Amino acid sequence: MKKINIVLFGTGNVGSTVINQVLAAREKLQQEENLELNIPVIANSTTAFFVKQTVNRSWETNFSASGFPYKISDVIDYVTQQGYENLVAIDATASESFVDHYKLLIEQGFHVVAANKVANTLSSEFYEDLRKSLRKNGKFFYYETNVGAGLPIIQTLHGLYQAGEEITRVRGVFSGSLSYIFNTFSEESKSFSEVLTEAEKKGLTEPDPRVDLSGKDVGRKLLILARELKLKKELSEINIQDLVPKHLNGKSSLKNFQLKKHELDGDLEKLKADLEEDEVIRHVGELEIATGNLEVKLVKEKRTSAFGSLKNADSSFEIYTESYGEQPLVIQGAGAGAAVTARGVVADILRLSERLN
Ligand SMILES: NC(=O)c1ccc[n+]([C@@H]2O[C@H](COP(=O)([O-])OP(=O)(O)OC[C@H]3O[C@@H](n4cnc5c(N)ncnc54)[C@H](OP(=O)(O)O)[C@@H]3O)[C@@H](O)[C@H]2O)c1
Ligand SMILES: N[C@@H](CCO)C(=O)O
């Protein structure tokens with residue numbers, strides 16, 4: 001039986017669903033695939049819980065009762081003492097600093113699966129260095145959920161590129177969070193801030209929704225795709241329409257933003273009032289390969305158009321290539337949400353496990 005040992009960082013919306021999905025799939029994987037998925041360590045930003053072999057369905061209670069403050073070295077020491085092989089670190093945090101541990105984890109024997117987009121969107125130098133470290137240590141890095149949550153965007157684009165297809169343009173509603181927000185805001189008579197609160201409660205936004213509203217999250221996704229296509233780009237080079245007023249971002253706290261988010265309502269109400277009867281607002285990302293232009297913006301779309309008819313938290317990605325000609329390859333479906341994202345993470349673990357002994 002092949003054994004995979006998962007150390008999961010981030011027990012929030014996505015991370016907790018990953019644990020539950022792995023536990024639910026465990027028996028079937030053992031019987032049908034001869035594969036044993038164990039989760040001996042789970043951790044959030046302050047607390048870790050270690051167990052022999054794997055957590056079970058009572059993990060939340062056990063984590064609260066028996067978790068303790070930890071350092072990353074405690075995790076590494078524990079898995080080393082236990083002699084665990086086929087180690088996979090899952091980054092289900094949204095942390096800007098957790099990615100500083102990747103190199104150490106890789107050197108200490110971990111493969112990495114990330115829902116967190118940060119490691120792929122820091123400087124090109126960090127990006128290349130990480131890949132060098134993976135190659136040097138014979139480790140793998142999977143991050144399909146970085147773009148389009150559970151939708152197969154990165155693997156499709158990567159496959160086309162590897163196969164020699166000329167990709168000319170990628171255009172899409174990249175953000176499941178903003179798709180839900182603008183779909184609902186365009187249709188219902190609620191204020192923008194009310195819709196935003198609703199999206200947050202449903203776990204559809206980033207932990208700090210300003211990362212969505214500032215366009216940074218979509219900017220990151222564009223950058224990730226651009227880098228898959230070997231374009232040398234930095235986040236600072238992307239033209240981004242920022243929906244968050246300056247005084248509510250930067251040094252201003254998330255708490256302050258939550259108290260004052262109704263200040264966004266005026267501008268967005270005006271935009272909505274300017275729509276024709278048959279128009280809706282959509283948040284769109286565009287990547288033009290020839291010019292290297294990457295852009296994130298709000299646009300007006302006809303209700304009947306491909307983007308205008310999106311529902312719920314659906315994302316839609318149009319990939320224009322030489323062989324597909326005028327009719328792009330389209331990948332569409334829920335682009336946010338714990339269940340679909342966690343399923344994408346579990347699928348990454350399984351793809352990775354196929355490459356391990
Ligand atoms: N939700 C979606 O639809 C979706 C879709 C695609 C990708 N993603 C990505 O998935 C990631 C998680 O999103 P989420 O919605 O699950 O966020 P969340 O509910 O806020 O959970 C984040 C978790 O990360 C933990 N954490 C923060 N900093 C950490 C650190 N330094 N070390 C260890 N754990 C740390 C938090 O712990 P504390 O509670 O202790 O702070 C929390 O358990 C994000 O990167 C997001 O962009 C999400
Ligand atoms: N903000 C992400 C989902 C949560 O990470 C998106 O819109 O795709």
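This one's a predicted model, so the numbers in the text were calculated from it and none came from an experiment.

Another aspect to go through is the overall build of the protein. Scanning the protein for helices and strands turns up 13 helices and 13 strands. The globule rule puts the C-alpha radius of gyration for 357 residues at 21 Å, and the 21 Å found for the protein is close to it. Looking at the 357 residues of the protein, the share that counts as buried comes to 55%. The contacts of the protein with a sequence gap of at least 6 include a subset with a gap of at least 24, amounting to 67%. Put simply, the protein shows about 16,200 Å² of open surface, and 47% of that area lies on carbon and sulfur atoms. Computing the positive centroid from 43 side-chain charges and the negative centroid from 50, the protein places the two 4 Å apart.

Turning next to the sheet that holds strand β2 (residues 35–43). The strand order across the open sheet built from seven strands is β4-β3-β2-β1-β5-β6-β7, with neighbouring strands paired in mixed fashion. Looking at the sheet topology across the chains shown, the edges are occupied by β4 (68–69) and β7 (141–142). Strands β2, β3 (47–50) and β4 of the sheet are contacted by helix α2 (residues 59–66), whose axis makes an angle of about 115 degrees with β3.

With respect to spatial proximity, the complete set of residues near ligand 2 consists of K117, S175, G176, S177, L204, E206, D212, D217, K221, G335 and A336. Here an oxygen atom of ligand 2 sits 2.7 Å away from a polar atom, N or O, in the side chain of S177. G335 is positioned such that a nitrogen or oxygen atom in its backbone is 3.2 Å from an oxygen atom of ligand 2. Contact with the protein chains hides 84% of the accessible area of ligand 2, taken as 250 Å² for the molecule alone.

Before going further, it helps to examine the UniProt feature "binding site: L-homoserine" (unreviewed entry) in the protein. Under the present numbering, the feature "binding site: L-homoserine" (unreviewed entry) in UniProt falls on E206. One can find E206 in the loop between α8 (192–201) and α9 (210–213). A residue is classified by how much of its surface remains accessible, and E206, at 17% relative accessible area, is buried. Once you skip the residues sitting within four places of it in the chain, E206 turns out to touch A94, K117, S177, V211, D212 and D217. A distance of 3.1 Å separates polar atoms of two side chains, one belonging to E206 and the other to K117.

Within the structure shown, the criterion is met by 24 salt bridges. One salt bridge in this structure joins E318 and R171, with 3.9 Å as the shortest N-O distance. Pair noted here: E318 is in strand β12 (residues 314–321) and R171 is in strand β8 (residues 167–173), with a separation of 147 residues, a long-range link. Neither E318 nor R171 differs from the other in exposure class; each is buried. Across the pair E188 and K190 runs a salt bridge, and its minimum N-O distance is 3.0 Å. Look at the salt bridges and you will find they share partners, linking R169, R171, E286, E288, E295, K297, E301 and E318 into a network.

This part covers the site of ligand 1. In the region of ligand 1, 23 residues are neighbours, and V14, S45, T93, E206 and G337 sit closest. S45 places a polar side-chain atom, nitrogen or oxygen, 2.6 Å from an oxygen atom of ligand 1. G337 is positioned with one of its backbone polar atoms (N or O) 2.6 Å from an oxygen atom of ligand 1. Burial of ligand 1 by the protein amounts to 80% of the accessible area it has alone, namely 910 Å².

This structure, assessed with the given rule, holds 10 aromatic pairs. Arranged with centres 5.9 Å apart and planes meeting at 80 degrees, the rings of Y102 and F141 form a pair that is edge-to-face. One end of the pair, Y102, is in helix α4 (residues 102–107); the other, F141, is in strand β7, and 39 residues separate them in sequence. With a relative accessible area of 13%, F141 lands in the buried category. Each ring, one from F174 and one from F317, has its centre 4.9 Å from the other, and the planes form 65 degrees; the classification is edge-to-face. Within this pair, whereas F174 is found in the loop between β8 and α7 (176–187), its partner F317 is found in strand β12, the two being separated by 143 residues in sequence. Both residues of the pair, F174 and F317, belong to the buried class. Through successive ring pairs, a cluster of aromatic residues spans F9, F98, Y102, F141 and Y143. Its guanidinium or amino end placed over the ring of Y320, R169 lies 5.3 Å from that ring's centre, counting from NZ or CZ.

Cut-offs and rules
- Along every chain, residues carry numbers that run from 1 in the direction the sequence is written.
- Lettering for chains starts from A, numbering for ligands starts from 1, and both go in the order in which the items are written.
- Note on the predicted model: pLDDT of at least 70 is required for a residue's local features to be given, and 80 or more for side-chain atom pairs to be given and counted; whole-chain, interface and lining totals, by contrast, use all residues.
- Side-chain measures were taken over the full set of non-hydrogen atoms in the model, leaving aside hydrogen atoms and water.
- Each helix corresponds to a stretch of at least 4 residues labelled H or I by DSSP, and each strand to a stretch of at least 2 residues labelled E; elements are numbered beginning at the N terminus.
- Radius of gyration means the value over C-alpha atoms here, while the globule rule gives 2.2 Å times the residue count to the 0.38 power.
- Accessible area is worked out with a 1.4 Å probe on protein chains only. A residue is then buried under 20% of its type maximum, exposed over 50%, and partly exposed in between.
- Note on contacts: a residue pair qualifies if any of its non-hydrogen atoms lie within 4.5 Å across the two residues.
- Only the protein chains shown count as cover for residues, and all accessible areas are computed by the Shrake-Rupley method using a 1.4 Å probe.
- For the purpose of charge, His is not counted, nor are the chain termini; Lys and Arg are scored as positive and Asp and Glu as negative.
- For this purpose, a charge sits on NZ of Lys, CZ of Arg, CG of Asp or CD of Glu.
- Criterion used throughout: strands pair if DSSP finds at least two bridges between them.
- With axes taken as lines fitted to C-alpha atoms, and helix axes fitted only over the stretch in contact, angles between N-to-C directions fall between 0 and 180 degrees.
- We call a residue near a molecule or strand as soon as one heavy atom of that residue lies within 4 Å of the molecule or strand.
- Counted as a polar contact is a pair of N or O atoms within 3.5 Å, where, for protein atoms, one must be capable of donating a hydrogen and the other of accepting one, and residues adjacent in sequence contribute only when both atoms are in side chains.
- UniProt positions are given in the numbering used here, feature names are shortened, and annotations may be inferred rather than shown by experiment.
- We define a salt bridge as a contact between a side-chain nitrogen of Lys or Arg and a carboxyl oxygen of Asp or Glu at a distance within 4 Å.
- In summary, the pairing rule links any two rings of Phe, Tyr or Trp, Trp by its six-membered ring, whose centres are within 6.5 Å, and it sorts them by plane angle into stacked for under 30 degrees, edge-to-face for over 60 and tilted for everything else.
- Charges are assigned to positions over rings by a cutoff of 6 Å between ring centre and Lys NZ or Arg CZ, combined with an angular limit of 35 degrees from the ring normal.

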